[in-house]
Amino acid sequence: MKKVIAIIGNQQKNNTYRAVCEFEAQLRTFGEIEVEYIFLKDYRLEFCRGCKVCFNKGEEYCPLRDDRDVLIEKLEHADGVIMAAPNYAFHVPAAMKNLLDRLAYVFHRPQFFGKTYTPIVNQGIHGGNAIRKYLSSMGENFGFQVTRGCVLQTMEPVPTAAAQKNAVRIRKAAARFYKGLMRPAPPAPTLFRLLMFRLSRTSIQHMLDERSKDFRHYQANGWFEAAYYYPVSLGPVKSLAGHLFDRIGKRMAKRA
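### What to know about the nonpolar core
- With 29 residues, the main nonpolar core has Ile 7, Leu 75, Val 81, Met 96, Leu 103 and Leu 135 as its most contacted residues.
- For this core, the secondary structure elements donating two or more residues are β1 (2-8), α3 (68-77), β3 (80-86), α4 (94-102), α5 (105-108), β4 (116-123) and α6 (128-142).
- For this core, the element with the most residues is α6, which contributes 4 residues.
- Sequence-distant contacts of Val 81, that is, excluding residues within four places in its chain, are made with Ile 5, Ile 7, Leu 75, Thr 116, Tyr 117, Thr 118, Phe 144 and Phe 177.
- Phe 23, Ile 82, Leu 152 and Ile 170 belong to the second largest nonpolar core, which has 21 residues in total.

### As for the side chain of Ser 212
- Checked against the element boundaries, Ser 212 lands in the loop between α8 (191-207) and α9 (213-220).
- A distance of 3.2 Å separates the side chain of Ser 212 from the backbone nitrogen of Asp 214, its partner in a polar contact.

### Some words on the environment of Met 207
- Examined against the element boundaries, Met 207 turns out to sit in helix α8.
- For Met 207, a relative accessible area of 44% gives the class partly exposed.
- Taking the C-alpha atoms as reference points, Met 207 and Lys 250, separated by 43 residues in sequence, lie 9.7 Å from one another.

### With respect to the packing of α4 against α6
- For the pair α4 and α6, interaxial distance at closest approach is 12 Å and the crossing angle is 25°. Considering the angle they form, α4 stands roughly parallel to α6. The element α4 and its partner α6 pack so that their crossing is left-handed. Here Met 96, Lys 97 and Leu 100 of α4 lie close against α6, whose contacting residues are Tyr 134, Leu 135, Met 138 and Phe 142.
- Looking at the contact of α4 with α6, its residues break down into 6 nonpolar, no polar and 1 charged.

### A look at helix α7 (residues 160-181)
- In this model, α7 (22 residues) spans 31 Å end to end at C-alpha, consistent with the 32 Å of a helix rising 1.5 Å per residue.
- Residues of α7 that are buried include every one of Ala 162, Asn 166, Ile 170, Ala 173, Ala 174, Phe 177, Tyr 178, Gly 180 and Leu 181, and no others. Buried residues in α7, looked at end-on, bunch into an arc of 145°, giving them a common side. Looking at α7, the residues exposed on the side facing more than 90 degrees away from the buried face are Thr 160, Gln 164, Lys 165, Lys 172 and Lys 179.

### Some points on the pattern of salt bridges
- One pass over the structure, following the stated rule, counts 16 salt bridges.
- One network of salt bridges, in which partners are shared, links Lys 3, Glu 36 and Lys 74.

### A few points about helix α1 (residues 15-28)
- Given a rise of 1.5 Å per residue, 14 residues ought to cover 20 Å, and the 20 Å separating the end C-alpha atoms of α1 matches this to within 8%.
- Taken together, the buried positions of α1 are Asn 15, Thr 16, Ala 19, Val 20, Phe 23, Glu 24, Gln 26 and Leu 27.
- Close packing links the buried residues of α1 with β1, β2 (33-39), β3, β4, β6 (150-153) and α7.

Conventions adopted
- Residues numbered from 1 in each chain as written.
- Predicted model: local features only at pLDDT ≥ 70, side-chain atom pairs only at ≥ 80, totals over all residues.
- Heavy atoms only, no water.
- Core = buried A, V, L, I, M, F, W, Y, C linked by side-chain atoms within 4.5 Å.
- Buried < 20%, exposed > 50% of the residue type's maximum accessible area, 1.4 Å probe, protein only.
- Helix = DSSP H or I, 4+ residues; strand = E, 2+ residues; numbered from the N terminus.
- Contact = heavy atoms within 4.5 Å.
- Polar contact = N/O pair within 3.5 Å; in protein donor to acceptor, adjacent residues only side chain to side chain.
- Axes fitted to C-alpha atoms, helices over the stretch in contact; angles between N-to-C directions.
- Parallel < 35°, antiparallel > 145°, perpendicular 65-115°, else oblique.
- Left-handed = near helix turned anticlockwise from the far one by under 90°.
- Nonpolar A, V, L, I, M, F, W, Y, C, P; charged D, E, K, R; others polar.
- Expected span 1.5 Å × (residues − 1).
- Arc of directions from axis to C-beta.
- Salt bridge = Lys/Arg side-chain N within 4 Å of Asp/Glu carboxyl O.

Keep in mind these values describe shape, not function.
Here is the structure:
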């Protein structure tokens, strides 16, 4: 059975919570799924201090002692992640933004490969699509396989036509998410993701050394020699592009 966690970023069990409940109900029409609801308001998560210790020395040296590692463990043990948030001042709520800030080191050392991720955003009038794209980008940078989420119109009272559109959007998003969950292996990277990997690893290899957590992490995972973060067939075009990206990365490192 696949395990899914739904991270809910706001304080109240209102429209965002109800949207996730409907999403779960749709998921269960495709197969047996275990869903755990995680309300960030129930966890103690201090604000990031911007000290960069997690980047330079390692996340285990973070001076903050709170529930960050509890949440990381839940992410690590899940097959899929739903990030659900309302539109607060054209962004995610503070609790969810803080969680993403506290996980920023994962941008340098992605780790959630083989896990499926999707965002759910509810809004009053507009701005939700930008938030959905932001959350999708965060998921991709963390290593997740991201499926297209949904943006729901929930200004109260919700008109019947809007409620019907919301139901359709949730059903389609759930179908995409379930398909991603059932995928037997992580997909081949896009050219953009391949570019980001090759440039990152080349710059880390040529500009850092073993004093850096990033360098040690890449070295331990064999990423300095790998075609990508995980074993995957790139095909001739992407393989050629990868070699080109390596050359570009070396030139950039020399000029830095």
